[in-house]
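What follows is each chain in one-letter form.
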Amino acid sequence: MADPSSYRPKPGQIPDSPGVYRFRDEHRRVIYVGKAKNLRQRVANYFQDLAGLHPRTRTMVTTAASVEWTVVSTEVEALQLEYSWIKEFDPRFNVKYRDDKSYPYLAVTLNEEFPRVQVMRGAKKKGVRYFGPYGHAWAIRETVDLMLRVFPVRTCSAGVFKNAARTGRPCLLGYIGKCSAPCVGRVTPEEHRELAEDFCAFMTGRTGTYIRRLEKDMMQAAEEMEYERAARLRDDAEALKRAMEKSAVVLADATDADLIAVAEDELEAALQIFHVRGGRVRGQRGWVTDKVEAVDTSGLVEHALQQLYGEERGDAVPKEVLVPALPEDPEAVSQWLAERRGSQVSLRVPQRGDKKDLMATVQRNAQQALGLHKTKRASDLTTRSRALEEIAEALGLDSAPLRIECYDISHLQGDDVVASMVVFEDGLARKSEYRRFQIKGFEGQDDVRSMHEVIGRRFKRYLQEKERTGEWEEQPEDTPAGGPAPTGSAPGPTPTGSAPGPAPAAPATVPVSGPASAAPDLSTIGTAAPAPGTADPAPGDGASPEDARAEPREDDGRPKRFAYPPQLVVVDGGQPQVAAARRALDELGIDDIAVCGLAKRLEEVWLPDDDDPVVLPRSSEGLYLLQRVRDEAHRFAITYQRAKRAKRIRSGPLDEVSGLGETRKQALIKHFGSVKKLRQATIDEICEVPGIGRRTAESVAAALASTAPAAPAVNTATGEIMEEDDGGSS
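Residues numbered from 1 in each chain as written. Predicted model: local features only at pLDDT ≥ 70, side-chain atom pairs only at ≥ 80, totals over all residues. Heavy atoms only, no water.

Q: Summarise the overall build of the chain; cite the residues concerned and give the values.
A: Scanning the chain from terminus to terminus reveals 19 helices and 20 strands. Within the chain, the proportion of its 730 residues that are buried is 47%. Within the chain, contacts between residues at least 6 apart in sequence are counted, and of these 66% link residues at least 24 apart. With an accessible surface of roughly 36700 Å², the chain has 50% of that area assigned to carbon and sulfur atoms. (Helix = DSSP H or I, 4+ residues; strand = E, 2+ residues; numbered from the N terminus. Buried < 20%, exposed > 50% of the residue type's maximum accessible area, 1.4 Å probe, protein only. Contact = heavy atoms within 4.5 Å. Areas by Shrake-Rupley, 256 points an atom, 1.4 Å probe, with all protein chains shown as cover.)

Next up, the structure:
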């Protein structure tokens, strides 16, 4: 536990300007980010008597080893920079609302030539119009099914659409009148886009226009004695009314607003949001978070607004945001929201009428969500604590293993040999720390040798990180770890997004202790953080840890790939695998990390140099946790191995051409129609494809000539001979 006085800034060193500050731990990880109107007053509050601090604040300042700050010109810029850093560094002591599921949205892909209506989850894409979120995907499909009678917009995938265009026959929806069949030219692209825009207009709340138009056409058809058409229009109007009934009217004045409510206790807080568009509730979602910092309701609301609207633009930010309590600086937050919407945003607490009544409903939902979460988590926390204690007792550890890493080897008869590393912290999976390896030291099947290689590679990187950060180097007693701390702020360019006028003082980062860090690039203020995978690849990026294209920048505060050691290494296997893992650690001089193995046959726990296994009771929570860790490592390894094998199987002759990427491969296939026709083409004909030079064309021709054409595939259902149509992995 660090003494805050050891890194307390000197009097007068901190400026009294607006800015953002961040605390780092001994590994240089950013553990807390905050903003302030007056940096000097706010930061000084953290260095008062520990007995007077909130328990969570006390834990944070004793975990930290240094504090830095960045000066900005306005409070809005401070809000933007705080959001960017929280998103980039993921500090453990900041409030983060984490959802346990991905809510589905009704999406209209207006960025395509023929817009498509579909259910979408995950990150929002540019040019796609979203409605929701909805609690269940089936609710979206029911609504879409009703509306397709009136707005027959395309709902099929790209593959189905292309196949229908090729054959000249629409899908079933085209025959029953629930699709306008643009794939076969029944409507022009302009007419189909107009249908999609009408669909979006109806979903945004402009419902009366379309229903009145249908009723008018129905009456006219009846007067002309076209009774079948009148009946069809009547059914269309009823379908739209039923679709409207699925979202209740809550505000009579057709308001567009988001209502946010918070239910909290000393340890946790639940957040509920109702999305009201056109006076109707169009979506609802919620999160629960741990109160890892001392924060009141207004602080929780501010964090919620940052995470809700930090990535949104335009109409995704409503005209009105109703909250239970205003943030500490409501004017700055309102201005920040207005910049994202592009027009004024009203941020207020409802005082009377329908909006106050609806806020009470949202508040009840938040209370129920918090109660349900606490009921589930009460047993979960107790169980995880007991499991970690049982593992520590069974393995003779000095303390509970708060970080456990598990390794598994996967292959298919010696081919595509890979390994996985999964991480559990406090008994819970930490998927952002998962890593995968390709076995490079040898070929063939040898699980023991593979385990030795993987453990050696992982902990060699750990030692390199320690050496890089200087943790092995002893500093002279009369010299601070980071040298003299600089003071003051250097002038620089005006931060992005600042108001016109005299150039304000540029942000300048001032480290108080530890290695000096570079000033942040404020051109990224208010923008999305870099995607994980540029310097620190995520588990699913297709690269093994040693294949990363760029090393992490020094002292950037992000979690490094292999910088943090576990208290326990678990290997999937018995005594040979455990001995190999222990030998790899001994060769690197690491003796403070425990190793054990879990054998599948009898679920025995093996320790190095022990001839007999440790047998945990079948009802042991510790054994259950080890099994979950082992099974997760096995799942992650076999998923990677199967993906690697599938990629190898799907590879074609064009994959052997050096320098020919996926884009140019697809261009070749699109130009010639199939690999068979490409194989018959001359070099001059290949050069006609955009982006293909003569040298590349010669390489393509040589690669295709060196591979014999495969026997033609036959569709067993129709007897049709199918040509080659793929040049490699898709």
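Q: Tell me about the pairing of strand E16 (residues 568-572), residues and numbers included.
A: Among the 5 residues of E16, 5 are classified as buried, and the element is accordingly described as predominantly covered. A two-sided burial pattern is seen for E16, the buried positions comprising Leu568, Val570 and Asp572 on one face and Val569 and Val571 on the other. Here strand E12 (residues 403-412) pairs with E16 via 4 bridges, running parallel. By the bridge assignment for E16, cysteine 406 is matched with valine 570. Across 5 bridges, E16 lies against strand E17 (residues 594-599) in parallel orientation. The residue bridging valine 571 from the neighbouring strand is glycine 597, located in E17. On the question of chirality, the crossover connecting E16 to the parallel E17 by way of helix H14 (residues 575-587) is right-handed. (Pairing = 2+ DSSP bridges. Right-handed = clockwise from strand over helix to strand, strands pointing away.)

Q: Mind laying out the packing of aromatic side chains, listing which residues take part and the relevant values?
A: Tallied over the entire structure, the rule returns 14 aromatic pairs. A ring pair is formed by tryptophan 85 and phenylalanine 89, whose centres lie 6.2 Å apart and whose planes are at 55°; its orientation type is tilted. Of this pair, tryptophan 85 and phenylalanine 89 both sit in helix H3 (residues 75-89), 4 residues apart, roughly one helical turn. Comparing tryptophan 85 with phenylalanine 89, the two get one shared label, buried. By the ring-pair criterion, three or more aromatic residues cluster together here, those being Tyr7, Tyr21, Phe23, Tyr32, Tyr46 and Phe47. In this arrangement the basic side chain of arginine 22 is found over the ring face of tryptophan 85, its NZ or CZ atom lying 4.1 Å from the centre. (Phe/Tyr/Trp six-rings, centres within 6.5 Å; stacked < 30°, edge-to-face > 60°. Lys NZ or Arg CZ within 6 Å of the ring centre and 35° of its normal.)

Q: Could you give an account of a nonpolar patch on the surface, with specific residues and numbers?
A: On the surface, Leu172, Tyr175 and Ile176 cluster together to form a nonpolar patch covering roughly 360 Å² of accessible area. If you trace the backbone, tyrosine 175 turns up in helix H6 (residues 172-175). (Patch = residues over 30% accessible without salt bridge, like charges linked within 9 Å, V, L, I, M, F, W, Y side chains within 5 Å. Salt bridge = Lys/Arg side-chain N within 4 Å of Asp/Glu carboxyl O.)

Q: Any details on the sheet that holds strand E1 (residues 19-24)? Residues and values, ideally.
A: Taken together, 3 strands build an open sheet; the order of strands is E2-E1-E3 and the sheet is antiparallel. At either margin of the open sheet sits one strand with a lone partner, and together these are strand E2 (30-36) and strand E3 (66-71). Each neighbouring strand pair of the sheet contributes to a mean axis angle of 20°, computed without reference to strand direction. Judged from the 6 bridges that link them, E1 and E2 form a sheet pairing that is antiparallel. When the sheet's bridge partners are listed, glycine 19 is paired in E2 with alanine 36. (Axes fitted to C-alpha atoms, helices over the stretch in contact; angles between N-to-C directions.)

Q: Any chance you could break down the side chain of aspartate 329 for me, citing the residues and the numbers?
A: Mapped onto the fold, aspartate 329 is located in the loop between strand E10 (320-322) and helix H11 (330-341). Lacking a salt bridge, the buried aspartate 329 has lysine 37 as its closest oppositely charged neighbour, with an N-O distance of 4.2 Å. (Lys, Arg positive; Asp, Glu negative; His and termini not counted.)

Q: Could you give an account of the nonpolar core, with specific residues and numbers?
A: Within the largest apolar cluster, 26 residues are counted, with the highest numbers of intra-cluster contacts made by Tyr407, Val454, Ile455, Phe459, Val569 and Ile590. Mapped by element, the contributors of at least two residues to this core are E12, strand E13 (415-425), helix H13 (447-468), E16, H14 and E17. In terms of residues, this core owes the most to one element, H13, which gives 6 residues. With residues up to four places along the chain from it excluded, the contact list for isoleucine 590 reads Phe459, Tyr462, Leu463, Arg582 and Leu585. (Core = buried A, V, L, I, M, F, W, Y, C linked by side-chain atoms within 4.5 Å.)

Q: Provide a residue-level description of the packing of H3 against H11, including the pertinent values.
A: The interhelical angle for the contact between H3 and H11, taken along N-to-C directions, is 70°, at an axis separation of 9 Å. Put simply, H3 runs roughly perpendicular to H11. Viewed along their axes, H3 and H11 form a crossing whose handedness is right-handed. On H11, the residues touching Glu75, Val76, Leu79 and Gln80 of H3 are Ala332, Val333, Gln335, Trp336, Glu339 and Arg340. (Parallel < 35°, antiparallel > 145°, perpendicular 65-115°, else oblique. Left-handed = near helix turned anticlockwise from the far one by under 90°.)

Q: Run through the pattern of salt bridges, naming residues and quoting values.
A: This model, assessed by the stated rule, comprises 24 salt bridges. Here glutamate 302 makes a salt bridge to lysine 35, at a shortest N to O gap of 2.7 Å. Of this pair, glutamate 302 sits in helix H10 (residues 297-309) while lysine 35 sits in strand E2, and the two are 267 residues apart along the sequence. Of the two residues, glutamate 302 and lysine 35, neither departs from the other in class, the shared state being buried. In this structure, aspartate 145 engages lysine 178 in a salt bridge whose closest nitrogen and oxygen atoms are separated by 2.8 Å.

Q: Could you give an account of a negative patch on the surface, with specific residues and numbers?
A: Side chains of Glu113, Glu190, Glu191, Glu194 and Glu197 sit close together on the surface and give a patch of like negative charge. Its location among the elements puts glutamate 113 in the loop between strand E4 (105-108) and strand E5 (117-120). (Charge placed at Lys NZ, Arg CZ, Asp CG, Glu CD.)

Q: An account of unusual backbone geometry is needed here, citing residue identities and associated values.
A: Phi angles above zero are rare outside glycine, and alanine 181 is one such case at about 55°. Tracing the chain through its elements places alanine 181 in the loop between H6 and helix H7 (189-203). Positive phi values are uncommon outside glycine, yet aspartate 426 reaches one of about 55°. Structurally, the position occupied by aspartate 426 is in the loop between E13 and strand E14 (428-429). For aspartate 426, a relative accessible area of 42% gives the class partly exposed.

Q: Give a detailed account of the pairing of strand E7 (residues 257-264), specifying residues and quantitative values.
A: Along E7, 7 of the 8 residues are buried, which leaves the element largely enclosed by surrounding structure. Sheet topology places E7 next to strand E8 (residues 268-277); 8 bridges connect them, and they run antiparallel. Across the sheet, the residue bridging to glutamate 264 is alanine 269, located in E8. Hairpin remark: E7 followed by E8, antiparallel, with 3 residues in the connecting loop.

Q: Give a description of the sheet that holds E8 that names residues and reports values.
A: Strands in a sheet are paired, the pairing made by backbone hydrogen bonds, and the direction either parallel or antiparallel. Here 5 strands make up an open sheet; going across it, the order is E9-E8-E7-E10-E11 and the pairing mixed. A strand with exactly one partner marks an edge of an open sheet, and here the two such strands are strand E9 (280-290) and strand E11 (346-348). Averaged over all adjacent pairs, the angle separating strand axes in this sheet is 15°, with direction ignored. Its contacts with the sheet place H10 against E7, E8, E9, E10 and E11, and it is angled at close to 135° to E7.

Q: Got a sec to walk through helix H16 (residues 662-672)? Specific residues and values, please.
A: Regarding H16, the residues found buried are Lys665, Leu668, Ile669 and Phe672. Each buried residue of H16 lies within a common arc of 95° when the element is viewed along its axis, so the set occupies one face. Among the exposed residues of H16, those oriented more than 90 degrees off its buried face are Thr663 and Lys670. The elements touched by buried residues of H16 are helix H17 (675-680), helix H18 (683-687) and helix H19 (694-706). Looking at the residues trailing H16, positive phi occurs at glycine 673, about 95°. (Arc of directions from axis to C-beta.)

Q: Which residues make up the environment of glutamate 197, and what values do they have?
A: Assignment of secondary structure puts glutamate 197 in helix H7. Of the residues examined, glutamate 197 reaches a relative accessible area of 45% and is grouped as partly exposed. Once the C-alpha coordinates of glutamate 197 and valine 108 are considered, the two residues, 89 residues apart in sequence, prove to be 9.0 Å apart.

Q: Quick one: what's the story with the packing of H10 against H11, residue by residue and with numbers?
A: The axes of two packed helices give the description: the angle between them and the distance between them. Remark: H10 packs on H11, axes separated minimally by 11 Å, with the N-to-C direction vectors making an angle of 10°. Between H10 and H11, the interaxial angle falls into the category roughly parallel. Contacts between H10 and H11 involve Glu302, Leu305, Gln306 and Tyr309 from the former and Val333, Trp336, Leu337 and Arg340 from the latter. Partitioned by chemical class, the residues of the contact of H10 with H11 number 5 nonpolar, 1 polar and 2 charged. (Nonpolar A, V, L, I, M, F, W, Y, C, P; charged D, E, K, R; others polar.)

Remember that the coordinates give geometry; whether it matters functionally is a separate question.
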